[in-house]
Amino acid sequence: MLITTLGAAVISIAAGASIRAWAFAIFAILVAIGFGGVAFAGGSSVIAAMLSGIAILALMEIGYLAGVFLSGLLRRSAKLRENNSVADSVATTSERPQG
C-alpha cells in the first residue's frame with residue numbers, strides 16, 4: 001500500500017507539469033474509486049474503503065498542485081535567466097565608447 005501511495009504521489013507531481021486540471025481531476029477520481037474498491041475487496045468496511053479513496057484523492061491533488069507550482073517556478077526562473085542574458089548583452093554594447 002505504501003508503494004502504491006508513493007507511486008500515486010510521483011505520478012501526480014509529474015502530471016502537474018504536463019496535463020490540464022480537468023483531465024487530472026477525472027484521472028484522480030477514477031484512481032480513488034479503484035483504490036477504494038480494492039480496499040473494500042480486500043476485506044475493509046465500506047467506511048474504511050471510502051476513507052482510503054478520499055485519502056488517496058487528497059494525496060493526488062496535493063501532488064498535482066505541487067507539480068504545477070514546481071513547473072511554474074522552473075519556467076519562471078528559465079524565463080528570467082533568458083531575459084537577463086539578453087539584458088546583459090545590451091548593456092555591454094551600450095557601454096562601449098562612441099566614436
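Please read all numbers here as calculations on a predicted model, not as lab measurements.

Caption draft 1: Representation of the nonpolar core in the model. If you look at the biggest cluster of nonpolar residues, it comprises 9 residues: Ala-8, Ala-15, Phe-24, Ala-28, Ala-32, Phe-35, Ile-56, Met-60 and Tyr-64. Of all the elements in the fold, those that place two or more residues in this core are helix 1 (2–16), helix 2 (21–41) and helix 3 (46–94). For this core, the leading source of residues is helix 2, giving 4 residues. Of the residues that make up this core, three or more belong to each of domain 1 (1–44) and domain 2 (45–90).

Caption draft 2: Spatial organisation of the packing of aromatic side chains. A full pass over the atoms with the stated rule returns 2 aromatic pairs. With a centroid separation of 6.1 Å and 50° between ring planes, the pair formed by Phe-24 and Phe-27 is classed as tilted. Residue Phe-24 and its partner Phe-27 are both found in helix 2; the two are separated by 3 residues, about one turn of the helix. Overall, Phe-24 belongs to the buried group, its relative accessible area being 1%. Connected via pairs of aromatic rings, a cluster forms that spans Phe-24, Phe-27 and Tyr-64.

Caption draft 3: Spatial organisation of the environment of Ala-17. Structurally, the position occupied by Ala-17 is in the loop between helix 1 and helix 2. In this structure Ala-17 comes out as partly exposed when scored by relative accessible area, which is 38%. Counting along the chain gives 49 residues from Ala-17 to Ala-66, while the straight-line C-alpha distance between them is 9.1 Å. Not counting residues within four places of it along the chain, the set of residues in contact with Ala-17 comprises Gly-67, Ser-71 and Arg-75.

Caption draft 4: Looking closely at the UniProt feature "transmembrane region" (unreviewed entry) in the chain. In the numbering used here, UniProt assigns the "transmembrane region" (unreviewed entry) feature to residues 21–41 and 47–74. Summarising residues 21–41: 100% helix, 0% strand, and an end-to-end C-alpha distance of 30 Å. Counting secondary structure, residues 47–74 comes out at 100% helix and 0% strand; the distance between its end C-alpha atoms is 40 Å.

Caption draft 5: Highlighting helix 2. The first and last C-alpha atoms of helix 2 sit 30 Å apart over 21 residues, in line with the 30 Å expected at 1.5 Å per residue. When we look at burial in helix 2, the residues that qualify are Phe-24, Ala-28, Ala-32, Phe-35, Gly-36 and Ala-39. For helix 2, the angular spread of buried residues about the axis comes to 100°, placing them on one side. Opposite its buried face, helix 2 presents the exposed residues Trp-22, Leu-30, Ile-33, Val-38 and Ala-41, each directed more than 90 degrees away. Two residues or fewer past helix 2, Gly-43 is found with a positive phi of approximately 110°.

What counts and what doesn't
- Residues numbered from 1 in each chain as written.
- Predicted model: local features only at pLDDT ≥ 70, side-chain atom pairs only at ≥ 80, totals over all residues.
- Heavy atoms only, no water.
- Core = buried A, V, L, I, M, F, W, Y, C linked by side-chain atoms within 4.5 Å.
- Buried < 20%, exposed > 50% of the residue type's maximum accessible area, 1.4 Å probe, protein only.
- Helix = DSSP H or I, 4+ residues; strand = E, 2+ residues; numbered from the N terminus.
- Domains from an automatic or database assignment.
- Phe/Tyr/Trp six-rings, centres within 6.5 Å; stacked < 30°, edge-to-face > 60°.
- Contact = heavy atoms within 4.5 Å.
- UniProt positions renumbered as here; feature names shortened; annotations may be inferred.
- Expected span 1.5 Å × (residues − 1).
- Arc of directions from axis to C-beta.

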